[in-house]
Amino acid sequence: MTLHERIKSLADTKGISLPALEAELGFGNSTIVKWKKSTPNADKLNAVAQYFNVTMDYLLNGNDKDILTAKDNRDIKKDLDSIMDKLQSGNDGPASYDGEALSPESMELFRDELEIALKRLKIINKEKYTPKKYKK
């Protein structure tokens, strides 16, 4: 599968067309289609990877080996649920932005972004704190 085919597949899974994806990411028309014959710059490729929450390695090579284990994913879910429960219950004050309470849609977006941040943090910490003898 090529880079273009992988992106098309991810877009189809998410229910978005390539032109809509390009518009959302601020790319010019047919930018992704041009990647059939050329390699994109790293910034654009990274933007696509972040949008679909995949690695650049997956987009380029199809390597979908997940660095996070099932235990890591359970830990992230537990932390995420705990943080969101505290925010929604108002234990530490109401969840608000600029003095206004967050709408349910904003809360859901915040949850999604927080999950991405927790996953990235877990990957960084695994890389940083795993002893060399256990690294592959």
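Engineer: Help me understand the pattern of salt bridges in this model?
Structural biologist: Side-chain pairing between opposite charges can occur once the charged atoms of the two side chains come close. Following the criterion strictly, the structure yields six salt bridges and no others. With its nearest N and O atoms 3.8 Å apart, the salt bridge here joins Asp75 to Lys122. You can see Asp75 sitting in helix H6 (residues 70–89) and its partner Lys122 sitting in helix H7 (residues 104–129), a full 47 residues away along the chain. A salt bridge links Asp81 to Lys77, with the shortest nitrogen-to-oxygen separation between them at 2.8 Å. In this pair, Asp81 and Lys77 are both assigned in helix H6, four residues apart and thus about one turn of the helix distant. With relative accessibility at 22%, the residue Asp81 sits in the partly exposed group. Salt bridges sharing partners connect three or more residues here, namely Lys71, Asp75 and Lys122.

Engineer: Teacher, can you tell me more about the side chain of Asp72 here?
Structural biologist: Tracing the sequence through the fold places Asp72 in helix H6. Given the relative accessible area of 9%, Asp72 is considered buried. At a separation of 3.1 Å, a polar atom in the side chain of Asp72 contacts the main-chain amide nitrogen of Thr69. Those residues in contact with Asp72 that lie beyond four places of it in its chain are Ile67, Lys122 and Lys126.

Engineer: Explain the packing of aromatic side chains here, please?
Structural biologist: Enumeration over the complete set of coordinates arrives at two aromatic pairs. Residues Tyr51 and Phe52 carry aromatic rings whose centres are separated by 5.0 Å and whose planes lie at 90 degrees to one another, so their mutual orientation is edge-to-face. One exposure class covers both Tyr51 and Phe52, and it is buried. The aromatic ring of Tyr51 is capped on one face by Lys14, whose charged end is 4.4 Å from the ring centroid. The cationic tip of Lys44 hangs over the ring face of Phe27; the distance from NZ or CZ to the ring centre is 5.4 Å.

The rules behind each value
Residues numbered from 1 in each chain as written. Predicted model: local features only at pLDDT ≥ 70, side-chain atom pairs only at ≥ 80, totals over all residues. Heavy atoms only, no water. Salt bridge = Lys/Arg side-chain N within 4 Å of Asp/Glu carboxyl O. Helix = DSSP H or I, 4+ residues; strand = E, 2+ residues; numbered from the N terminus. Buried < 20%, exposed > 50% of the residue type's maximum accessible area, 1.4 Å probe, protein only. Polar contact = N/O pair within 3.5 Å; in protein donor to acceptor, adjacent residues only side chain to side chain. Contact = heavy atoms within 4.5 Å. Phe/Tyr/Trp six-rings, centres within 6.5 Å; stacked < 30°, edge-to-face > 60°. Lys NZ or Arg CZ within 6 Å of the ring centre and 35° of its normal.

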